[in-house]
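Given next are the chains, with one letter for each unit.
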Amino acid sequence: MGERPGEPLLKVTNLTVSYGPIKAVKGVSLEVYRGEVVSLIGANGAGKSSLLRAISGLVPYGGEVAFEGGSLAGVPAHKRVGRGITHVPEGRGIFGNLSVMENLTLATWQRKDKTGIAGDLDRVFTRFPRLRERSGQPGNTLSGGEQQMLAIGRALMANNECMLLDEPSMGLSPLLVEDIFQVIREINAGGVTIVLVEQNANMAILASNRGYVMESGVIALSGSRDELSSDPRVIDAYLGV
Amino acid sequence: MAYFLQQFINVLQTGSTYSLIALGYTMVYGVLSMINFAHGDIFMVGAFLFFLFVSTLKLPFVPSMLAATVLTALLGVATERFAYRPLRGAPKMSAVITALGVGVLLEHLTLAINPYPRHIPAMFEGSGTWSAGGVVISQLKAAIIVFSLLMMALLDFTINKTKLGMAIRAISWDMSVVPLMGVSVNGVIAATFAIGAGLGGIAGVLYSLAYPVINPYMGVMVGWKAFISAVIGGIGNVRGAIVGGYVLGLVETLTIVFLPATYRDVTAFSLLLILLVYRPYGLMGKPKTFKV
Ligand SMILES: Nc1ncnc2c1ncn2[C@@H]1O[C@H](COP(=O)(O)OP(=O)(O)O)[C@@H](O)[C@H]1O
Ligand SMILES: [Mg+2]
């Protein structure tokens, strides 16, 4: 895609996020390369969601976020979607008063290609037949698992290059968690670069190429899947063996 | 019987005005969870702008009405941009007090320019009346009612069937997630104000055709009535606001039929107080149709 190999798709440099006096992210740098699944693990309150919110432009931040080599400084959140970043927020962010179909349709706001949209809708419904069955139902009548499917379906409707997933397995039964991770692998196989935030560290590390471990606002560790899954500190703190 | 049918036509006319304006209250509440108490004055400005175009500038009816509607819509957008947006993160009470201030400002600005009541020239003198079985309806009145209903149908379609409508409803559910859909929250809120204020402007024009003497305070009582209509329908509920306007029109007309006419406003405000205490979510919706 006209880019020098080795240039990251997403590059975060010395990023900080504060909520009033609370410093949630204290200088984080990371890179995500095209086609990768990068996991971001860490305890509750470590700053993972804040980091994603800064990347997608939902919160003001210090430092730098660059996408496809260009700075996103001053680019509002809704325009970052047009640039190629889709963020599936913690808690899914389903519009409970909109039908399943409307939730999916709203996610295409930035798109003009009618045939492409129709094709993607078909793909989402084929992958998640439950969403097709419930397409006319309000979002708040779906079960937790169905809502997560809808949140991911919505992200697919945006048809973007990079997807940020914030705890997609949260609150789901083990069987559904397996299902979600399978979906994530499929989406990645389709060419989408993924940043995966998880408390389910074990599965997240296994599903990723590389990963970062966050602790109270900073990156404590990083490495490839195998490095992380064999690192005694990770095993101790997150893999709970 | 003819008497009651005649009264029914009055219900439709009064109700149409209330409903058109109530939509502005309910839409703004839907996206910002605030009561825009300047909205009755937006309605008043619509009537005065219409006067400006049709009487001072002597433009024909249709362009005058169009221009008044567009400018009123822009006024709505401007009030949001400059008065309410800076307070978006502030407690709702600040925005509501600001809205009251904006309303008083609009009243006195209009008063400064128009120290005396203005008369909308009669434009449809040639139009006749229809009568059947003792019931008389002027064609003008019929046109006002039909046009109002048409506007409301158009709005209902916009809210329920278009992407803009989806975005407006999505904001009322959870504004924080909406940018992640690629939607500009500020843009959609501006569009919401434009539509709400534009409908208020249209109501102002139609009202001034039926009651051609206009003054800067005409929006105060009508605005309250429209607000009560929105509360009847469940504030934030678009179809509720439409129904609520006609319900209030009916309640007021029944009051006049059975009690001295001076009791009309007492009934309307009593209804408001009773609703706010016992059914703050209105007569139609279940609680929490909209996230408040
Ligand atoms: N909206 C907010 N206002 C104030 N503090 C917040 C807000 N969101 C998160 N925080 C705080 O920022 C820190 C990091 O939170 P978060 O980014 O949600 O971490 P994680 O996703 O890793 O659990 C926590 O201390 C949390 O309490
Ligand atoms: Mg989190």
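First, a word on what this report is: a plain description of the structure on this page. For clarity, every value in this text was computed on a predicted model and none was experimentally measured.

### Details of the overall build of chain A
Right, so step 1: Secondary structure summary: chain A contains 10 helices and 10 strands in total.
Right, so step 2: What you see for chain A is a C-alpha radius of gyration of 17 Å, in line with the 18 Å of a compact globule of 241 residues.
Right, so step 3: Across the 241 residues of chain A, 51% fall into the buried class.
Right, so step 4: Sequence separation of 24 or more characterises 67% of the internal contacts of chain A that already satisfy a separation of 6 or more.
Right, so step 5: As displayed, chain A offers around 10,400 Å² of accessible surface, 52% of which is attributable to carbon and sulfur atoms.
Right, so step 6: In chain A, the 24 positive side-chain charges and the 25 negative ones have mean positions that sit 6 Å from each other.

### Quick word on the coordination of the magnesium ion (ligand 2)
Residues and elements named next belong to chain A.
Right, so step 1: On the protein side, the magnesium ion (ligand 2) has Ser49 (OG) and Glu90 (OE) as donor atoms, found 2.0 Å from it. Residue Ser49 is located in helix H1 (residues 48-55), and its partner Glu90 is located in the loop between strand E6 (85-88) and helix H3 (100-106); the two are separated by 41 residues in the primary sequence.
Right, so step 2: Taking relative accessible area as the criterion, Glu90 reaches 38% and is therefore assigned partly exposed.

### Some details on the sheet that holds strand E7 (residues 162-166) of chain A
Residue and element names in this part refer to chain A.
Right, so step 1: Spatial strand order, E6-E7-E8-E3-E9-E10: 6 strands in an open sheet with mixed pairing. Each having just a single partner strand, E6 and strand E10 (218-224) make up the two edges of the open sheet. If you compare each strand with its neighbour and ignore which way they point, the axes differ by 15° on average.
Right, so step 2: Relative to strand E9 (residues 210-215), strand E3 (residues 37-42) is paired through 5 bridges, and the arrangement is parallel. Along E9, the bridge assignment pairs Val38 with Arg210.
Right, so step 3: Packed on one face of the sheet, H1 meets E3, E6, E7, strand E8 (193-198) and E9 and runs near 150° to E7.
Right, so step 4: Sitting on the sheet, helix H7 (residues 174-189) is in contact with E3, E7 and E8, with an inclination near 155° to E8.

### Re the pairing of strand E1 (residues 10-19) of chain A
Residues and elements named next belong to chain A.
Right, so step 1: Of the strand pairs in this sheet, E1 and strand E2 (residues 22-32) are connected by 8 bridges, and their pairing is antiparallel. Pairing of Val17 across the sheet is with Val25, part of E2.
Right, so step 2: Looking at chain direction, E1 and strand E4 (residues 62-67) are connected through 5 bridges and run antiparallel. Paired with Val12 across the two strands is Val65, which belongs to E4.

### Some details on the sheet that holds E2(A)
All names here are of chain A.
Right, so step 1: The 4 strands are arranged E2-E1-E4-E5 in an open sheet whose pairing can be described as antiparallel. Looking at the sheet topology across the chains shown, the edges are occupied by E2 and strand E5 (70-71).
Right, so step 2: Together, E1, E2 and E4 form the strand contacts of H1, whose direction differs from that of E1 by roughly 115°.

### Describing the site of ligand 1
Residues and elements named next belong to chain A.
Right, so step 1: Surveying the vicinity of ligand 1 reveals the residues Tyr19, Ile22, Ala24, Ala43, Asn44, Gly45, Ala46, Gly47, Lys48, Ser49, Ser50 and Arg53.
Right, so step 2: Side-chain polar atom of Lys48 to an oxygen atom of ligand 1: 2.8 Å apart, as the coordinates give it.
Right, so step 3: For ligand 1, the accessible surface in isolation is 560 Å², of which the surrounding protein chains cover 65%.
Right, so step 4: Of all the secondary structure elements, the ones that give two or more residues to the shell around ligand 1 are E2 and H1.
Right, so step 5: A total of 4 residues in the shell around ligand 1 trace back to one element, the largest contributor, which is H1.

### Structural notes on the packing of aromatic side chains
All names here are of chain B.
Right, so step 1: With the rule as written, the count across this model stands at 11 aromatic pairs over all chains.
Right, so step 2: When the ring of Phe37 is compared with that of Trp224, the centres are 5.6 Å apart and the planes differ by 45°; the resulting orientation is tilted. Remark: Trp224 occurs in helix H8 (residues 218-233) and Phe37 occurs in the loop between helix H1 (2-32) and helix H2 (39-56); sequence separation between them is 187 residues.
Right, so step 3: An angle of 40° between the planes, with centres 4.8 Å apart, marks the rings of Tyr207 and Tyr211 as tilted.
Right, so step 4: Put simply, the rings of Tyr25, Phe37, Trp224, Phe227 and Phe269 pair up and form one aromatic cluster.

### Considering the environment of A:Leu121
Right, so step 1: For A:Leu121, the position within the fold is in helix H4 (residues 114-127).
Right, so step 2: When the C-alpha atoms of A:Leu121 and A:Gly84 are compared, they prove to be 18 Å apart, with 37 residues separating the residues in sequence.

### Some remarks on helix H9 (residues 238-258) of chain B
Residues and elements named next belong to chain B.
Right, so step 1: The end-to-end C-alpha separation of H9 is 31 Å, in line with the 30 Å expected for 21 residues at 1.5 Å each.
Right, so step 2: Taken together, the buried positions of H9 are Val238, Gly240, Ala241, Ile242, Gly244, Gly245, Tyr246, Leu248, Gly249, Glu252, Thr253 and Thr255.
Right, so step 3: Contacts from the buried residues of H9 go to H1, helix H5 (139-161), H8 and helix H10 (264-278).
Right, so step 4: Of the residues flanking the start of H9, the one acting as N-cap is Asn237, its side-chain oxygen 3.2 Å from the backbone nitrogen of Arg239.

### Overview of the environment of B:Thr79
Residues and elements named next belong to chain B.
Right, so step 1: Mapped onto the secondary structure, Thr79 falls in helix H3 (residues 61-84).
Right, so step 2: Thr79 gets classed as buried once you look at its relative accessible area, which sits at 9%.
Right, so step 3: Separated by 13 residues in sequence, Thr79 and Lys92 have C-alpha atoms that sit 16 Å apart.
Right, so step 4: Reaching out from Thr79, the side chain makes a polar contact with the backbone oxygen of Gly76 at a distance of 2.7 Å.

### Here's the deal with the interface of chain B and chain A
Right, so step 1: Contacts between the two partners involve 20 residues from chain B and, on the opposite side, 22 residues from chain A.
Right, so step 2: Where chain B abuts chain A, roughly 1,900 Å² becomes buried across the two surfaces, and 71% of that area is made up of carbon and sulfur atoms.
Right, so step 3: At the surface where chain B touches chain A, the tally comes to 1 salt bridge.
Right, so step 4: Ionic pairing is found between B:Arg169 and A:Glu102, a salt bridge with its closest N-O pair at 2.9 Å.
Right, so step 5: At the junction of chain B with chain A, the criterion picks out 5 residue pairs in polar contact (both at pLDDT 80 or more).
Right, so step 6: Considering each element in turn, the side of chain B that touches chain A owes the most residues, 9 residues, to helix H6 (residues 163-174) of chain B.

Rules behind the numbers
- Residues numbered from 1 in each chain as written.
- Chains lettered and ligands numbered in written order.
- Predicted model: local features only at pLDDT ≥ 70, side-chain atom pairs only at ≥ 80, totals over all residues.
- Heavy atoms only, no water.
- Helix = DSSP H or I, 4+ residues; strand = E, 2+ residues; numbered from the N terminus.
- Rg over C-alpha atoms; globule rule 2.2 N^0.38 Å.
- Buried < 20%, exposed > 50% of the residue type's maximum accessible area, 1.4 Å probe, protein only.
- Contact = heavy atoms within 4.5 Å.
- Areas by Shrake-Rupley, 256 points an atom, 1.4 Å probe, with all protein chains shown as cover.
- Lys, Arg positive; Asp, Glu negative; His and termini not counted.
- Charge placed at Lys NZ, Arg CZ, Asp CG, Glu CD.
- Donors = N, O, S within 2.8 Å, 3.2 Å for Na, K, Ca; no water.
- Pairing = 2+ DSSP bridges.
- Axes fitted to C-alpha atoms, helices over the stretch in contact; angles between N-to-C directions.
- Near = heavy atom within 4 Å.
- Polar contact = N/O pair within 3.5 Å; in protein donor to acceptor, adjacent residues only side chain to side chain.
- Phe/Tyr/Trp six-rings, centres within 6.5 Å; stacked < 30°, edge-to-face > 60°.
- Expected span 1.5 Å × (residues − 1).
- Buried area = accessible area lost by both parts, 1.4 Å probe.
- Salt bridge = Lys/Arg side-chain N within 4 Å of Asp/Glu carboxyl O.

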